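# Survey of secondary and tertiary structure
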Amino acid sequence: MRLFYAALALEANTFLPLPTSYQAFVEKIYYPPGKHPEKSGHQTGAIGAARAAAKRHGFELIEGSCYAAQPGGAASRDAYERMRDEILVQLKAALPVDGCLFNLHGAMVAHGYDDCEGDFLEHVRTLVGPDCVIGVELDPHCHLTRKRCGLADIIVLFKEYPHTDFAARGEETVDLVLRAIRHEIKPVKSVFDCRLLASFPTSRQPMRALVDRIMTLEGRDRVLSVSIGHCFPYGDVPECGARVLVITDGAKPHGDRLAEEIGRELIALREQAAPHFYDVDGAIDAALAAPDGPIVIADAADNAGGGAPSDNTTFLHRLIARGVQGAAVAPIWDPIAVRLAFDAGEGARLPFRFGGKTGLTSGSPVDAEVEIIRCVPNAHQMFAGAIVPLGDVASIRMGGVEAVLISTRAQAMGTDLFSNFGIDPKARKILVVKSNQHFYASFSRIAAHVIYAEGDGALPRDVRKLPWSRIQRPIWPLDATTEPRLII
Ligand SMILES: [Zn+2]
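As a starting point, this report considers the structure included with it. (Residues numbered from 1 in each chain as written. Predicted model: local features only at pLDDT ≥ 70, side-chain atom pairs only at ≥ 80, totals over all residues. Heavy atoms only, no water.)

What follows is about the packing of helix 9 (residues 280-289) against helix 10 (residues 314-321). Interhelical geometry of helix 9 versus helix 10 gives an angle of 50° and a closest axis separation of 10 Å. Comparing the axis directions of helix 9 and helix 10 gives the class oblique. In this structure, helix 9 crosses over helix 10, and the sense of that crossing is right-handed. From helix 9, Val280, Asp281, Ala283 and Ile284 reach across to helix 10, where they touch Thr314, Phe315, Arg318 and Leu319. Broken down by class, the residue content of the contact of helix 9 with helix 10 amounts to five nonpolar, one polar and two charged. (Axes fitted to C-alpha atoms, helices over the stretch in contact; angles between N-to-C directions. Helix = DSSP H or I, 4+ residues; strand = E, 2+ residues; numbered from the N terminus. Parallel < 35°, antiparallel > 145°, perpendicular 65-115°, else oblique. Left-handed = near helix turned anticlockwise from the far one by under 90°. Contact = heavy atoms within 4.5 Å. Nonpolar A, V, L, I, M, F, W, Y, C, P; charged D, E, K, R; others polar.)

Right, let's talk about the packing of aromatic side chains for a bit. Under the criterion given, the structure shown has 14 aromatic pairs. Each member of the aromatic cluster is reached from another via a ring pair, and the members are Phe277, Phe418, Phe439, Tyr440, Phe443 and Tyr452. The cationic tip of arginine 82 hangs over the ring face of tyrosine 22; the distance from NZ or CZ to the ring centre is 3.6 Å. Taking the ring centre of tryptophan 333 as reference, the NZ or CZ of arginine 409 above it sits at 5.6 Å. (Phe/Tyr/Trp six-rings, centres within 6.5 Å; stacked < 30°, edge-to-face > 60°. Lys NZ or Arg CZ within 6 Å of the ring centre and 35° of its normal.)

The subject of this paragraph is the coordination of the zinc ion. For the zinc ion, the full set of protein donor atoms is Asp139 (OD), Asp139 (OD), His141 (ND1) and His163 (NE2), at a range of 2.1 to 2.7 Å. The site at the zinc ion holds four donor atoms, and with the angles between them running 53 to 147°, its shape is irregular. (Donors = N, O, S within 2.8 Å, 3.2 Å for Na, K, Ca; no water. Tetrahedral: all angles 85-135°; square planar, octahedral: opposite > 155°, others 65-115°.)

Turn by turn, an α-helix covers 3.6 residues, leaving residues three or four places apart pointing in a common direction. Within helix 2 (residues 47-57), the full set of buried residues consists of Ile47, Ala49, Ala50, Arg51, Ala53 and Ala54. The inward-facing, buried residues of helix 2 contact strand 1 (2-9), strand 3 (60-68), strand 4 (99-105) and helix 6 (166-181). Backbone geometry just downstream of helix 2 places glycine 58 in the positive-phi region, at approximately 70°. (Buried < 20%, exposed > 50% of the residue type's maximum accessible area, 1.4 Å probe, protein only.)

This paragraph deals with the pattern of salt bridges. By the definition in use, this model includes 41 salt bridges. Note that lysine 434 is salt-bridged to aspartate 299, the shortest N-O span being 3.0 Å. Taken as a pair, lysine 434 in the loop between strand 17 (430-433) and helix 13 (440-443) and aspartate 299 in strand 11 (residues 295-299) lie far apart in primary sequence, 135 residues in all. Grouping residues by exposure puts lysine 434 and aspartate 299 together as buried. A cluster of three or more residues bridged by salt bridges with shared partners is formed by Arg146, Asp193, Arg195, Glu239 and Arg243. (Salt bridge = Lys/Arg side-chain N within 4 Å of Asp/Glu carboxyl O.)

Here the focus is the nonpolar core. Phe4, Cys100 and Phe102 are the most contacted members of the largest nonpolar core, which totals 89 residues. Per element, the largest residue contribution to this core is seven residues, and it comes from helix 3 (residues 77-94). Among residues more than four places away in sequence, those in contact with phenylalanine 4 are Ile62, Gly64, Ile87, Gln90, Leu91, Ala94, Val97, Gly99, Cys100, Leu101 and Phe102. (Core = buried A, V, L, I, M, F, W, Y, C linked by side-chain atoms within 4.5 Å.)

Right, let's talk about the sheet that holds strand 13 (residues 349-354) for a bit. Ordered in space as 10-18-11-17-12-16-15-14-13, the nine strands form an open sheet in which the pairing is mixed. At either end of the open sheet lies a strand with only one pairing partner, and these are strand 10 (277-278) and strand 13. (Pairing = 2+ DSSP bridges.)

What follows deals with the environment of alanine 327. With respect to the helices and strands, alanine 327 occurs in strand 12 (residues 327-333). With 154 residues separating them along the chain, alanine 327 and threonine 173 place their C-alpha atoms 43 Å apart. Those residues within four positions of alanine 327 in sequence are excluded, and the remaining contacts are Leu319, Gly400, Val401, Glu402 and Ile430.

What follows is the structure, given as structure tokens:
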């Protein structure tokens, strides 16, 4: 038996003026064949399981290239076609194969391509033929298009947000592909289109209970896998929207019923599933009023995980203007300021300008007399055991406020985003993290409270503020009345 593996991941925010080039992939994740580290990463969740299964069952695993970029604007046409074609050449050389395994994220848009994953799988299917089993692991912030559902045999999405289960879902993808190759199962899909735009944290109710429930459905009554695709609510493509995917072992009517039942539950909880969002000063007030600490404030509108630049300065300006003591903000993406900090060196005090560079939603730069705390070349943070590169990193202090400046754009994920750079997060009163939800897994362990804020960054929580033009209507919350339905 022979299986082929590759990864290609971008969450494309089509509203951003921040293009995603080939270089943006190379700087974040590019592992040519055989160069992938031992453990699975967030965007390569199935490789660890595939390697382990190859050893256990004695099949041959041919590893192709793995590419993933930080979420940003649409990819250039050249970037997408270059990566797609590189993987296709590798696959062609590996033929014949019994199965293919891919990590694709699922919200990649390129200039000229609304559905990159659908296009990619179409090319793959043409090469491998109808009998090869194609399995794909996707992020729940994906566009679960009809095209990709028709081309892949197995699709499994992460269930958790934060996505701490990428390796577990990768194991399930590999397991189902192997069983399908051995003709032990006949996977059949049912897809219910909820006609809504959203992204629901699973660390809180009511979403927690729904995710727990779908896990109890799997492995019985011929249900192989249940996935909830939240959608990526900043991707203006026709099929953007939440969809529920149920894969059964040849039990289509049962799958259809379940997909619709779960889809209608998701629709029913859509109003309560998002946490309360404070404005910037409201969040600072709430944190200062708390008797204990640290209070972790998520600056969700400047989340690089949704494609935002992560250089919005509004929280910094307000913390400094209010004379707050014991506050730290991370990460601020500003490679030029990092370079200046490295030039000045640790311990230096100097007038310094940083942040507020990329666009209107970045705000104005901060000018302050700062002390350089730490300068760390090729730094990283951790997320669920995986390394997230940050490039060169400098931490700085101005009065009672500290900031971590990074040169490879990323969202806040681990508390080591502070502790690696000379800032003890447990000893601070306020930690402002640029993230929507991925920070939660790590920061909730040290936080007295976690609160969410909507600043004036690039990602408004109310998606009705965005200039949608290509998405299929009607869809909630852009439209009050919708027509949810089974589409596959
Ligand atoms: Zn996601």
